[in-house]
Amino acid sequence: MSDLEQDGLIRMSPVTLLKARLPDCERINPELLKLFRAYREAHPGTAVGSYVSPDNFSGDIENPALDALKTFIMDSVYDIARHLNHDSWRRFGIKDIRIDVTGLWFQICNDSAFHETHVHGNCSWSGVYYVQSGNASRHNGDRLPNGMLNGVTRFYGPDLEHSAGGHGDWGNVYLHDHHATSYPQDGTLVVFPAHLKHMAFPYRGEADRVIVSFHAQVNGTKSIEYNYGFD
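Residues numbered from 1 in each chain as written. Predicted model: local features only at pLDDT ≥ 70, side-chain atom pairs only at ≥ 80, totals over all residues. Heavy atoms only, no water.

Mind showing me how you'd approach the pattern of salt bridges here?
According to the stated counting rule, one finds six salt bridges in the structure shown. Across the pair aspartate 79 and arginine 82 runs a salt bridge whose closest N-O atoms are separated by 3.8 Å. Of this pair, aspartate 79 and arginine 82 both sit in helix 2 (residues 64-91), three residues apart, which is roughly one turn of the helix. Of the residues examined, aspartate 79 reaches a relative accessible area of 37% and is grouped as partly exposed. (Salt bridge = Lys/Arg side-chain N within 4 Å of Asp/Glu carboxyl O. Helix = DSSP H or I, 4+ residues; strand = E, 2+ residues; numbered from the N terminus. Buried < 20%, exposed > 50% of the residue type's maximum accessible area, 1.4 Å probe, protein only.)

Set out below in structure tokens:
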């Protein structure tokens, strides 16, 4: 907690994301693609240009590639949660931290399919893993004919609301830097706070864009207790 009686700059509630690359993804990703396509064939959907599996599709599936990805996801969530909460865990004596992946699903999209701005509920962390980025835009790379970035993931910080109808001058121009763009790269995982607004841009390409998304809770030896007093 910031102490306003101390001199100096005070920064409150920054937004932190984690980007990591799955080791051996060159071997694992083709196995994931094979699994996902087989699942789609066995459980066809009705949407045009986009296929989204149930978030519990992996419940009874035994697959080494999927297990490797799950382990990587849990390790990555633990890393960012520990980085941000280490002092609190120590202060409250929290031990035996457990990462519970409460939902995990894959998406295969093309033909300008997109996902509008949303957040994820009932979890503290979410993420996107790029199995196959296809023709999605890279930094300063190709765009769609209308000039829009192709198939990127965009995150919107809490200062987004301040830019709509609010006063703007050179004193608060820093509030205008309210979004970050994730350019898909095969084998890359981005972990982000579940409450963070984000969207997937429309995607078109010769190859499908294939991603895995998840929900994760971080639990410990006791449940968190909120203090509604005056401390």
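How should I be thinking about the side chain of arginine 209 in this particular structure?
Along the polypeptide, arginine 209 turns up in strand 10 (residues 209-219). Of the polar contacts made by the side chain of arginine 209, one reaches the side chain of threonine 153; its length is 3.3 Å. When sequence neighbours within four positions are dropped, the list of residues in contact with arginine 209 reads Gln107, Ile108, Cys109, Tyr130, Gln132, Gly151, Val152, Thr153, Pro184, Ala200 and Tyr203. (Polar contact = N/O pair within 3.5 Å; in protein donor to acceptor, adjacent residues only side chain to side chain. Contact = heavy atoms within 4.5 Å.)

What is the right way to look at the packing of helix 1 (residues 25-42) against helix 2 in this model?
Each pair of packed helices gets described by two things: the angle between the helix axes and the distance between those axes. For the pair helix 1 and helix 2, interaxial distance at closest approach is 8 Å and the crossing angle is 115 degrees. Between helix 1 and helix 2 lies a crossing of left-handed hand. Along the contact surface, helix 1 presents Ile28, Glu31, Leu32 and Leu35, while helix 2 presents Ala65, Leu66, Ala68 and Leu69. (Axes fitted to C-alpha atoms, helices over the stretch in contact; angles between N-to-C directions. Left-handed = near helix turned anticlockwise from the far one by under 90°.)

Could you clarify how one ought to interpret the side chain of serine 126 in this entry?
Looking at the element boundaries, serine 126 is found in strand 5 (residues 125-132). Under the relative-accessibility criterion, serine 126 is labelled buried at 0%. At a separation of 3.3 Å, a polar atom in the side chain of serine 126 contacts the side chain of histidine 120. When sequence neighbours within four positions are dropped, the list of residues in contact with serine 126 reads His120, Val190, Val191, Phe192, Ala194, Phe214 and His215.

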